[in-house]
Amino acid sequence: RNRVWSTNVPQFKKVVIGVDPAVTNKATSDESGIVVAALGYDDIVYVIDDKSGHYSVGQFADKVYRMWGHYEADAIVIETNQILRFLLFGYLVPGI
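Residues numbered from 1 in each chain as written. Predicted model: local features only at pLDDT ≥ 70, side-chain atom pairs only at ≥ 80, totals over all residues. Heavy atoms only, no water.

## Side note on the sheet that holds strand 3 (residues 45–50)
Then, in step 1: Strand order in the open sheet formed by 4 strands is 3-2-1-4, with mixed pairing between adjacent strands. Each edge of the open sheet is held by one strand with a lone partner, namely strand 3 and strand 4 (75–78). Within this sheet the neighbouring strands show an average axis-to-axis angle of 25°, counted without direction.
Then, in step 2: Across 4 bridges, strand 1 (residues 12–20) lies against strand 4 in parallel orientation. (Pairing = 2+ DSSP bridges. Helix = DSSP H or I, 4+ residues; strand = E, 2+ residues; numbered from the N terminus. Axes fitted to C-alpha atoms, helices over the stretch in contact; angles between N-to-C directions.)

## Some remarks on the environment of Ala22
Then, in step 1: Of note, Ala22 is situated in the loop between strand 1 and strand 2 (33–40).
Then, in step 2: On the basis of relative accessibility, which here comes to 13%, the residue Ala22 falls in the buried class.
Then, in step 3: Sequence spacing of Ala22 and Ser32 is 10 residues, and the spatial spacing of their C-alpha atoms is 4.7 Å. (Buried < 20%, exposed > 50% of the residue type's maximum accessible area, 1.4 Å probe, protein only.)

## So, a negative patch on the surface
Then, in step 1: Among the surface-exposed residues, Asp20, Asp30, Glu31 and Asp50 lie close enough to one another that they form a single negatively charged patch.
Then, in step 2: Tracing the backbone shows Asp50 in strand 3. (Patch = residues over 30% accessible without salt bridge, like charges linked within 9 Å, V, L, I, M, F, W, Y side chains within 5 Å. Areas by Shrake-Rupley, 256 points an atom, 1.4 Å probe, with all protein chains shown as cover. Salt bridge = Lys/Arg side-chain N within 4 Å of Asp/Glu carboxyl O. Lys, Arg positive; Asp, Glu negative; His and termini not counted. Charge placed at Lys NZ, Arg CZ, Asp CG, Glu CD.)

## A look at the packing of aromatic side chains
Then, in step 1: Within the structure shown, the criterion is met by 2 aromatic pairs.
Then, in step 2: Both rings, one in Phe12 and one in Tyr46, keep their centres 6.0 Å apart while their planes meet at 55°; by these two values the pair is tilted. Note that Phe12 is positioned in strand 1 and Tyr46 in strand 3, a separation of 34 residues in sequence.
Then, in step 3: Accessibility expressed as a relative area gives 25% for Phe12, which makes it partly exposed.
Then, in step 4: Among the residues examined, Tyr46 registers a relative accessible area of 13% and is labelled buried.
Then, in step 5: When the centroid spacing of 5.8 Å and the interplanar angle of 35° are considered together, the rings of Tyr65 and Trp68 count as tilted. Of this pair, Tyr65 and Trp68 both sit in helix 1 (residues 57–71), separated by 3 residues, roughly a single helical turn. (Phe/Tyr/Trp six-rings, centres within 6.5 Å; stacked < 30°, edge-to-face > 60°.)

What follows is the structure in structure tokens.
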């Protein structure tokens, strides 16, 4: 009902990637959330992509980085509850 077809998508003022990394990468883990949203010049927010899924830390970081470049995002917004552990122990010390 609220879907906008590609022929009707407006120009965007801002594009933001929202990320919510999962703490673990197991079959029973939550998905890591990666969503791209944009604010149109019509002042409506559009969700333009969702690549949420199960990723290793490296895969997750790579996916976010590639989406940032692809969409020329203005910002990346990160859920911070577990991000320090995620970055320090998962990314800098692989396997933890």
